[in-house]
Amino acid sequence: MYNNTCMYVQICEAKKLVKKMPGRELDTYCVLKIDNEEVARTGTVYHSMEPFWGEDYILHIPVEFQTVSVYVRHSESFGFSENIGKVMLDRESICETPKGLDKWLPLRPAHKKDEVSGEVLVAMMLEKTLVLTDEEVEKYKYELHITIEEARDLAAKDANGKSDPYAQVMFEGKQYHTQVIHKTRFPRWQKTYSMSFDGPVTMDSIVKVVIWDKDSFFQDDFMGHVEIDISELETGTTYKNWYRLQQQACIDASAKPQDLGSLRLKVHFQEERILESSAYVPLVDLMLMSVEHPLPDDVCLLRLMDQVRLIDQNHIARTLVRFYLSHGCVLPFLHKLTTNELQHTADPATLFRRGSLAAKCYDQFMKVVATPYLHTTLKSCIDLIFEEKRLCELDPNNMTSHHRSKSILSSSHSGSLTNVTKSIHSSIATLTRYVDMILNAIFNSVSQCPSVLRVVLRQLWISTEAHFKQPEHYELPYVAVTSFIFLRFFVPAILSPKLFALRDNHADHRTERTLKLIAKVLQAIGNLAKDFDQKEEYMLPVCHLVQGNVDRLKQFVQQLVQVDQKEVIAETRRKSGEYIKHLTLIEGYLLKRRNKGGIGSLAYCKRYFLLNNISLLYSNSSDDIKTGVSLSFIRAHTHSNSHIMTIKIISSM
């Protein structure tokens, strides 16, 4: 049996952030920390007081974690950043909501000097000796031996990302200090102190250990403390434990909290016990039978799963899609979901509602099997839009304010309206060029679309057409297909490229507006131009662009669903695990030791690492071609420091 702890965190959005400088909006990003150890960072959202990130993370963390913190930071010039505020959740508040936490939380001040993290390893032994006093009266004498061995994961207090820690031991009015270990967050002291005292040992017999960061010119920084009760120690026995460092008690409890804004978070923590694979055979057989030989609808397993509600509803959908893909049954699985959805839909307008299990599974299926297809089709278009940074604005209100600010700087208002008109005409031309470029890329990508996705869309088309036979519903098969491949795949990727790994960072304010207008046009085309001219009036100049591409979209859909279904089904069963073969487990930047040594930090170089279920890859950056080592040639070895693991490559690929 294996115990696994998993935490899902989504950093959604912030509101009512406090400006650092009057008249200047913020460039904000978030940093996610587990017990003050940085584990993730969002992209930067530019020029916004109410930024939206929408980035989610699945973290495998130790069950003994204590806190989850999210810092909202403002990115300044020359690579510097400043904390706006933070949200901290302790383990108890997260675990007391089994279905997950989804709420707005107020930002609190985040001062570097208050940061506490890490643990200290302390060994203690209590000795008791019977002695005679001067009056020849028997009395017990106590001696406490305490060893401050080491600490780990301490907070970085210095600009170099490290600290100069030392430990202070206090007991019965006596104080001792270890030596200072410079430039480390993992100090090893191995210092023992012996303290004699008169008994008895009571619950008030407390040893206090405080960790400090040594400063040469300023007051030493507090790094955390622990209080250890020795009343339960058995004499003659050595006790060695890791103790988590704690914050100082708040001195000014009457201080009013600052209004720094709010942050919306979704957090869900799971503790799982994973059994031997043989224990899951009955469940696997039941899940496969539910799609290959389905039971009556009232006892259908998938219908029961549709009633499961978690804070992260995508989690169950993602798990189901990967399960059925690995067993070569994803096609009957999605077909069964489609059948259930159609049978329980009376109004075509509510078909595949956003929160249904069918809709979630389709979304996850496209992300798993079609992400490479998405990148091949759209990445060059998105990169061009980001590089050009062209002004693309059709709303006269936004355009007028833009030109008004320019005219104020030039001390002249003449010609402002003329400039607005010219800018709108230029924006229409730019928007038309971008939309045509993206549509051409999509409409010419039929041959690159994964065959299994095309079969799924064909099944969706046939099922929808068979269920809604009325003449007035002749367009519903088109709507069903475009609602997924177009409106829930291509359009969201254009609107938020970072969330689909098309870009490393969020768009700046100008590019974000351009992407939003492109998405509006594509959304109208995906809805087959229904009621497009009844929404924002400023979009009317591109109405012809929308209506002129609806027929092209229908032709694209017809080409997608024209596929040999029997051949693809057989191929899917033969290559059951192909679509999740290269599943990314973790990626990010690490320090790699140089081959020719070096001193201190010069002994290491920064490399981008990516670990999937096939190999360990690394390169200079995330955009470079990666050098890889197969996992079959890698062995893990223990290290003298229990917090470090070394990897040995036994052969090259």
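In what follows, the structure referred to is the one given above.
Now for a description of the structure that goes with this document.

## Describing helix α4 (residues 313–326)
At 3.6 residues per turn, the α-helix brings residues three or four places apart onto the same side. In this model α4 runs 21 Å from its N-terminal to its C-terminal C-alpha over 14 residues, within 8% of the 20 Å that 1.5 Å per residue would give. All buried positions along α4 are accounted for by Ile316, Ala317, Arg318, Leu320, Val321, Phe323, Tyr324 and Leu325. Looking one or two places after α4, you find Gly328, whose phi comes out positive at around 70°.

## Quick look at the sheet that holds strand β7 (residues 101–106)
An order of β4-β1-β16-β7 is seen for the four strands of this open sheet, with the pairing classed as antiparallel. Both edges of this open sheet fall to β4 (52–60) and β7, since each of them pairs with a single strand only. On average, each strand axis in the sheet is tilted by 20° relative to the strand beside it, whichever way the strands run. Where strand β1 (residues 2–15) and β4 come together, seven bridges link them in antiparallel fashion. Across the sheet, residue Ile11 finds its bridge partner in β4, namely Glu55.

## As for the packing of aromatic side chains
Under the counting rule described, the total for this entry stands at 13 aromatic pairs. On the basis of an interplanar angle of 15° and a centroid distance of 5.6 Å, the ring pair of Tyr142 and Phe197 is categorised as stacked. Highlighted residues: Tyr142 in strand β9 (residues 138–152) and Phe197 in strand β12 (residues 188–198), separated in sequence by 55 residues. Each member of the pair, Tyr142 together with Phe197, is buried. Members of the aromatic cluster, each reached through a chain of ring pairs, are Tyr373, Phe486, Phe489 and Phe490. Taking the ring centre of Trp104 as reference, the NZ or CZ of Lys15 above it sits at 4.3 Å. One Lys or Arg, Arg152, reaches over the ring of Trp242 and ends 3.9 Å from the middle of that ring.

## Re the pattern of salt bridges
Under the definition given, this model contains 15 salt bridges. When the shortest N-O distance is used, the salt bridge between Lys554 and Glu475 registers 2.9 Å. Of the two residues, Lys554 sits in helix α12 (residues 543–561) while Glu475 sits in the loop between α9 (451–467) and α10 (476–495), which places them 79 residues apart along the sequence. Taking the relative accessible area as the measure of exposure, Lys554 reaches 16% and is therefore buried. In the salt-bridge network here, residues are joined through shared partners; they are Glu13, Asp102 and Arg264.

The rules behind these values
Residues numbered from 1 in each chain as written. Predicted model: local features only at pLDDT ≥ 70, side-chain atom pairs only at ≥ 80, totals over all residues. Heavy atoms only, no water. Helix = DSSP H or I, 4+ residues; strand = E, 2+ residues; numbered from the N terminus. Expected span 1.5 Å × (residues − 1). Buried < 20%, exposed > 50% of the residue type's maximum accessible area, 1.4 Å probe, protein only. Pairing = 2+ DSSP bridges. Axes fitted to C-alpha atoms, helices over the stretch in contact; angles between N-to-C directions. Phe/Tyr/Trp six-rings, centres within 6.5 Å; stacked < 30°, edge-to-face > 60°. Lys NZ or Arg CZ within 6 Å of the ring centre and 35° of its normal. Salt bridge = Lys/Arg side-chain N within 4 Å of Asp/Glu carboxyl O.

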